[in-house]
Amino acid sequence: MSRPKTIYDEITRPRPKATPLRLYGPYLLAVLLPLGFLALFRAVRYDRALVNTVIWQVTTPLKHAVARMCSHLPFAMAEVIWTLAVLFLLILVGRSLFVVLRSLFCRLQGRRAHPLRRFLRRALAILSAGLVIYSGYTAMWGINYYGDTFSQMSGLTGRETTAEELAALAYAFANKCNELSGQVIRDENGIFAGTPATVFDRSSGLYENLYDEFPCLDLDESQAKPMFYSRLMSALGFTGFYFPFTGESLVNVDAPACLVPATVLHELAHQRNVASEAEANFLAVIAGLKSGDTEFQYSSALLGYIHLSNALYTADRDLWRSVSAALNDDVRADLTDNSAYWAQFKTPASDAAEAVYTSFAQSYEQRDIMKSYGDCVDLLAAYYLKEG
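Residues numbered from 1 in each chain as written. Predicted model: local features only at pLDDT ≥ 70, side-chain atom pairs only at ≥ 80, totals over all residues. Heavy atoms only, no water.

Draft legend 1. Focus on the side chain of R186. Checked against the element boundaries, R186 lands in the loop between α7 (163-181) and α8 (196-202). A polar contact of 2.9 Å, which involves the side chain of R186, links it to the backbone oxygen of G190. Once residues lying within four places of it in the same chain are set aside, the contact partners of R186 are S181, I191, F192, A193, Y298, D330 and D334. (Helix = DSSP H or I, 4+ residues; strand = E, 2+ residues; numbered from the N terminus. Polar contact = N/O pair within 3.5 Å; in protein donor to acceptor, adjacent residues only side chain to side chain. Contact = heavy atoms within 4.5 Å.)

Draft legend 2. Structural view of the environment of M77. For M77, the location among the structural elements is in helix α4 (residues 77-108). A sequence separation of 170 residues divides M77 from G247, and the C-alpha atoms of the two residues are 9.7 Å apart. Apart from the residues within four sequence positions on either side, M77 is in contact with C70, T246 and E248.

Draft legend 3. View of helix α11 (residues 277-289). In this model, α11 (13 residues) spans 18 Å end to end at C-alpha, consistent with the 18 Å of a helix rising 1.5 Å per residue. In terms of burial, α11 is a largely internal element, 13 of the 13 residues being buried. Taking the backbone nitrogen of A278 as reference, a side-chain oxygen 3.3 Å away marks S276 as the first, capping residue of α11. (Expected span 1.5 Å × (residues − 1). Buried < 20%, exposed > 50% of the residue type's maximum accessible area, 1.4 Å probe, protein only.)

Draft legend 4. Expanded view of a nonpolar patch on the surface. A surface patch of nonpolar side chains, amounting to about 390 Å² of accessible area, comprises L84, V86, L87 and L90. Here L90 falls in the exposed class, since its relative accessible area comes to 56%. (Patch = residues over 30% accessible without salt bridge, like charges linked within 9 Å, V, L, I, M, F, W, Y side chains within 5 Å. Areas by Shrake-Rupley, 256 points an atom, 1.4 Å probe, with all protein chains shown as cover. Salt bridge = Lys/Arg side-chain N within 4 Å of Asp/Glu carboxyl O.)

Draft legend 5. A look at the nonpolar core. Within the largest apolar cluster, 62 residues are counted, with the highest numbers of intra-cluster contacts made by Y207, L217, F282 and L283. Looking at this core, the elements that each hand over two or more residues are α7, α8, α10 (260-270), α11, α12 (294-315), α14 (329-343) and α17 (374-387). Discounting residues that sit within four places of it in the chain, Y207 has contacts with L217, E221, L265, L268, A269, R272, L283, A284 and A287. Counting residues in each nonpolar core, the second largest holds eleven residues, with I55, Y137, A275 and Y364 among its members. (Core = buried A, V, L, I, M, F, W, Y, C linked by side-chain atoms within 4.5 Å.)

Draft legend 6. The sheet that holds strand β3 (residues 248-251), seen in detail. Pairing is mixed in the open sheet, where three strands are placed in the order β1-β3-β2. Bordering the open sheet on either side are β1 (225-226) and β2 (240-243), each of which pairs with just one other strand. With two bridges connecting them, β1 and β3 associate as parallel partners. Following the sheet pairing, P226 is matched in β3 by V251. Relative to β3, α10 is tilted by about 160 degrees, and along the sheet it contacts β2 and β3. (Pairing = 2+ DSSP bridges. Axes fitted to C-alpha atoms, helices over the stretch in contact; angles between N-to-C directions.)

Draft legend 7. The state of the cysteines, seen in detail. Overall, the coordinates contain zero disulfides when judged by the stated rule. Not engaged in a disulfide, the cysteine C177 finds its nearest cysteine sulfur in C258; these two sulfurs lie 9.9 Å apart. (Disulfide = S-S within 2.5 Å.)

Draft legend 8. Broad picture of the pairing of β2. Sheet topology places β2 next to β3; four bridges connect them, and they run antiparallel. Each bridged residue has a counterpart across the sheet, and for G240 the counterpart in β3 is V251. Connecting the antiparallel pair β2 and β3 is a turn made up of four residues, with G247 showing a positive phi of about 70 degrees.

Draft legend 9. View of the packing of aromatic side chains. The final tally for this structure, using the stated rule, is 23 aromatic pairs. One aromatic cluster is present, formed by F150, F173, F214, F282, Y383 and Y384 through successive ring pairs. Directly above the ring of Y313 sits R317, whose terminal nitrogen or CZ lies 3.9 Å from the centroid. (Phe/Tyr/Trp six-rings, centres within 6.5 Å; stacked < 30°, edge-to-face > 60°. Lys NZ or Arg CZ within 6 Å of the ring centre and 35° of its normal.)

Draft legend 10. A look at the confidence of the model for the protein chain. Chain-level statistics for the protein chain give a pLDDT mean of 87 and a share of 86% at 70 or above. The secondary-structure element of the protein chain with the lowest mean pLDDT is helix α16 (residues 369-372), recorded at 51, while α10 shows the highest, at 97. (pLDDT = per-residue confidence, 0-100.)

Draft legend 11. Spotlight on the packing of α11 against α12. Running from N to C, α11 and α12 cross one another at 140 degrees; their axes reach a closest spacing of 7 Å. With respect to α12, the element α11 is oriented oblique. Considering the relative orientation of α11 and α12, their crossing is left-handed. In contact with N281, A284, V285, G288 and L289 of α11, α12 contributes F296, Q297, S300, A301, L303, G304 and H307. (Parallel < 35°, antiparallel > 145°, perpendicular 65-115°, else oblique. Left-handed = near helix turned anticlockwise from the far one by under 90°.)

Draft legend 12. Molecular detail of unusual backbone geometry. A positive phi angle, near 65 degrees, is found at N273, a position not held by glycine. One can find N273 in the loop between α10 and α11.

Draft legend 13. The arrangement of the pattern of salt bridges in detail. All told, the structure shown has 14 salt bridges when counted by the stated rule. R159 serves as the salt-bridge partner of E165, at 3.4 Å between the closest nitrogen and oxygen. Its relative accessible area of 28% is what places E165 among the partly exposed residues. Under the relative-accessibility criterion, R159 is labelled partly exposed at 31%. A salt bridge links E213 to K290, with the nearest nitrogen and oxygen atoms 2.9 Å apart. Linking E213 in the loop between α8 and β1 with K290 in the loop between α11 and α12, this pair joins segments that are 77 residues apart in sequence. Judged by its relative accessible area of 30%, E213 falls in the partly exposed class. Residues participating in the shared-partner salt-bridge network are R186, D330 and D334.

Have a look at this one:
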């Protein structure tokens, strides 16, 4: 019979030599796989037919399926994932620093240590985690930037306007704001108070009024959710967020209530594969105005006026003053409150967050996000001036 093996055989067995392949192979593979996917994506991203097939046959059904499961949760699964991801990153970075410092301490004592080797492995682990997340985001959402836009699917193309046309449209929205401002709930200071506790429930089905006009919007919808980290989102300059990994639309409820209903509609537009911020804003305006719900109507009219007013201010300062003078005190109070709220978060942190967000969008060949919001005005002009 063969000789029985003992634990001493295992202990005394020579260990394999620590070659670079053994040390870094798994980590390099974890980096190269997502890089390979991103390279493949860049190679095929301009194939519109292929991209649309992936969007509508693969990623959209997957996002909607996950969103239906998450819709039964009383909290946003997206924020749970964010929390765990940040904790994981902090632990990984902390352990990496600890390993390096401990190795350096051992070397100072004359003991054998490999701080650089361990640091490189940790750094590769962090890099691979970031690449996996970016690749997943690209597959689930970034690909939408290369598919058919809402304008292409609907046939509605934005058009440029003269300063006079822009003033006329802005004046119409100002009058609509005036008309609705007295029909919404206000606090003791005359500021829009609304009913945020029910605004999310009341948002269900509001896009149905647009299905006949824009059949491309007739898709599954999951109710938007309020953000637990709303205050933090304000500090970073965000009013809402669509999280493609769970298909959830999240809304900052710490922001002034006057624009929360319109933000809800904006994030619900993203659930319909409307990737452009300008197009999502346009849809938030027209969906709210056609909703039949006074709070949504007022909020959407206010959002539309803000975009039109900003464009008019750039085009003709005198016309802007005449339109602005038409606003009543209630609307002025809401606009002032909104400006004052966001002014307190104008910090280097918010500027950095905006720069990161803009760079992130530009990695998908999108225009400067802040400038692209002007495209919303072109769509509003094409839609409302056509209809008179």
